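Per-entry structural report
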Amino acid sequence: MSKLALLTAIIFANVSLHSSLAFARYYDDVIDSGYIKVGFYRDFPPYSYLEDGQPKGVDVEIGQRIAKAFNLEFRPHWITPDENLEDDLRNNVWKGHYLDKNEQNPLALKNIADVMMRVPYDREYSYMRDSTGYVINDMVVMFGPYQRESWQVAYDHTQIDNVSTLAVFQYHPIGVEIDSLPAFYLTSAFGGRMRDNTHHFANARAAYAAMSAGKVDAIMAMRAEVDWLLASAPNANFSLASNGYPTMGKQKWDIGMAIKHTYRQLGYAIADVVEGMVLSGEMETIYKRYGLRYELPEFYQTQQN
């Protein structure tokens, strides 16, 4: 072999080695390794959280069920949210965080998940393009819808007779998670007339604690969060509202999973497990254990119709 050909082969081998080590793992690699890393958002009950040092939550139980289906060790990969979902997918599914370096072994595996839970299953979002026409999420595949999520208001019926419309919060204080969609909506809808009565908290739990203490008369968060709070800290004075959210845009959405786009075989195998859980009722059973209402993803509702 000539020196040029040898040099080319060495460079190609090094690039290939670096690429294979830097990113997520193929299906055979996952099976051969004996474990699977499942990505969950940190401190996000009722979906994923630690209780007495042990992983708990709906998404965690689904991840454990996936691992069991392949006779693999379950390894949680905890995700701290970045500025947006695109950052979370890049840092935890297909590339890894730029600060995640191994100085002793630059070619070591990045700290990323084999599959990530709680990702929107939405075709429009999956193929969303930036201002140049580039597909933003082209490095990931979003698949396997397992739950339909929505927004929910809970209120103290000793302070508010009913919540037939959000306009009532022109006169009553409501708690929301800071920088959430409900926070933006309640401070801008109806000409901003609810802005002064919208109180911002670190998360839904803090908002619920404020309602329990009489500091706000209602909260707005994701349905599962509200269900879990009412189930884990029940209060006879608290009720669920049945109002809609005019001009809010998409008010229900399917939740699924994400993998790196080159690892579709792993995605197909995981999707089969999750679909079996949905169709058998096992998924709903998990949700009920946490006091949550379960709604089939639109994907399955369409099939049934």
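Not measured: the values here are computed from a predicted model.

1. Here we look at the pattern of salt bridges
Going through the model one piece at a time under the given rule, you end up with 12 salt bridges. A salt bridge links Arg-289 to Glu-61; the shortest N-O distance between them is 2.4 Å. With Arg-289 in helix H10 (residues 282-289) and Glu-61 in helix H3 (residues 58-69), this pair connects stretches of sequence that are 228 residues apart. The exposed category is assigned to Arg-289, whose relative accessible area is 54%. Measuring nitrogen to oxygen at the nearest pair gives 3.0 Å for the salt bridge that ties Asp-254 to Arg-148. Separated by 106 residues along the polypeptide, Asp-254 in strand S11 (residues 252-260) and Arg-148 in strand S6 (residues 140-156) bring together distant segments of the chain. On the basis of relative accessibility, which here comes to 6%, the residue Asp-254 falls in the buried class. Note on Arg-148: relative accessible area 13%, which makes it buried.

2. Points about H3
Here H3 spans 17 Å end to end across 12 residues, near enough to the 16 Å set by a 1.5 Å rise per residue. Among the residues of H3, those classed as buried are Val-58, Asp-59, Val-60, Glu-61, Ile-62, Gly-63, Ile-66 and Ala-67. Two residues or fewer after H3 comes Asn-71, characterised by a positive phi angle close to 60°.

3. Things to note about the layout of surface pockets
Any empty space left between the atoms is revealed when a probe the size of a water molecule rolls over them. Taken as a whole, the largest pocket holds about 1,400 Å³ of empty space. Every residue lining the largest pocket is counted, 39 residues in all, and those nearest its centre are Phe-44, Trp-151, Asp-179, Ser-180 and Met-222. If you list the elements that add at least two residues to the lining of the largest pocket, you get helix H4 (85-94), strand S5 (115-120), helix H5 (123-126), helix H6 (181-192), helix H7 (204-212), strand S9 (218-222) and S11. Tallied by class, the residues present in the lining of the largest pocket amount to 21 nonpolar, 3 polar and 15 charged.

4. Observations concerning the pairing of strand S7 (residues 174-177)
Taken together, the 4 bridges between S7 and strand S8 (residues 198-201) define a ladder with parallel strand orientation. Looking at S8, one finds that Gly-175 is bridged to His-199. As a crossover connection, the stretch from S7 through H6 into S8 is right-handed.

5. Quick look at the packing of H7 against helix H8 (residues 223-232)
Taken N-terminus to C-terminus, the directions of H7 and H8 make an angle of 45°; their axes are 10 Å apart at the nearest point. In terms of axis orientation, H7 runs oblique to H8. For the pair H7 and H8, the crossing hand works out as right-handed. Facing Ala-204, Arg-205 and Tyr-208 of H7, the residues of H8 in contact are Glu-225, Trp-228, Leu-229 and Leu-230.

6. Concerning the packing of aromatic side chains
In total, this model carries 12 aromatic pairs according to the counting rule given. Seen from their ring centres, Tyr-26 and Tyr-263 are 4.3 Å apart, and the 70° between their planes marks the pair as edge-to-face. One end of the pair, Tyr-26, is in the loop between helix H1 (3-22) and helix H2 (27-33); the other, Tyr-263, is in the loop between S11 and helix H9 (264-280), with 237 residues separating them in the sequence. Judged by its relative accessible area of 6%, Tyr-263 is buried.

7. A short note on the packing of H3 against H9
Running from amino to carboxyl end, H3 crosses H9 at an angle of 120°, the nearest separation of the two axes being 10 Å. Comparing the axis directions of H3 and H9 gives the class oblique. Helix-helix and strand crossings are classified by hand; for H3 and H9 the assignment is right-handed. Where H3 approaches H9, its residues Ile-62, Arg-65, Ile-66 and Ala-69 are matched on the opposing element by Ile-270, Val-273, Val-274 and Met-277.

8. Some remarks on the pairing of S11
In terms of burial, S11 is a largely internal element, 8 of the 9 residues being buried. Of the strand pairs in this sheet, S5 and S11 are connected by 4 bridges, and their pairing is antiparallel. Considered in S11, the bridge of Met-116 is made with Ala-258. Bridging between S6 and S11 involves 8 bridges; their strand directions are antiparallel. What sits directly across from Gln-147, in S11, is Ile-255.

What counts and how
- Residues numbered from 1 in each chain as written.
- Predicted model: local features only at pLDDT ≥ 70, side-chain atom pairs only at ≥ 80, totals over all residues.
- Heavy atoms only, no water.
- Salt bridge = Lys/Arg side-chain N within 4 Å of Asp/Glu carboxyl O.
- Helix = DSSP H or I, 4+ residues; strand = E, 2+ residues; numbered from the N terminus.
- Buried < 20%, exposed > 50% of the residue type's maximum accessible area, 1.4 Å probe, protein only.
- Expected span 1.5 Å × (residues − 1).
- 1 Å grid on protein atoms, 1.4 Å probe; cavity = no way out; pocket = protein on both sides within 12 Å on 5 of 7 lines; lining within 4 Å.
- Points joined across faces, edges and corners; volume = space filled by probe spheres on them.
- Nonpolar A, V, L, I, M, F, W, Y, C, P; charged D, E, K, R; others polar.
- Pairing = 2+ DSSP bridges.
- Right-handed = clockwise from strand over helix to strand, strands pointing away.
- Axes fitted to C-alpha atoms, helices over the stretch in contact; angles between N-to-C directions.
- Parallel < 35°, antiparallel > 145°, perpendicular 65-115°, else oblique.
- Left-handed = near helix turned anticlockwise from the far one by under 90°.
- Contact = heavy atoms within 4.5 Å.
- Phe/Tyr/Trp six-rings, centres within 6.5 Å; stacked < 30°, edge-to-face > 60°.

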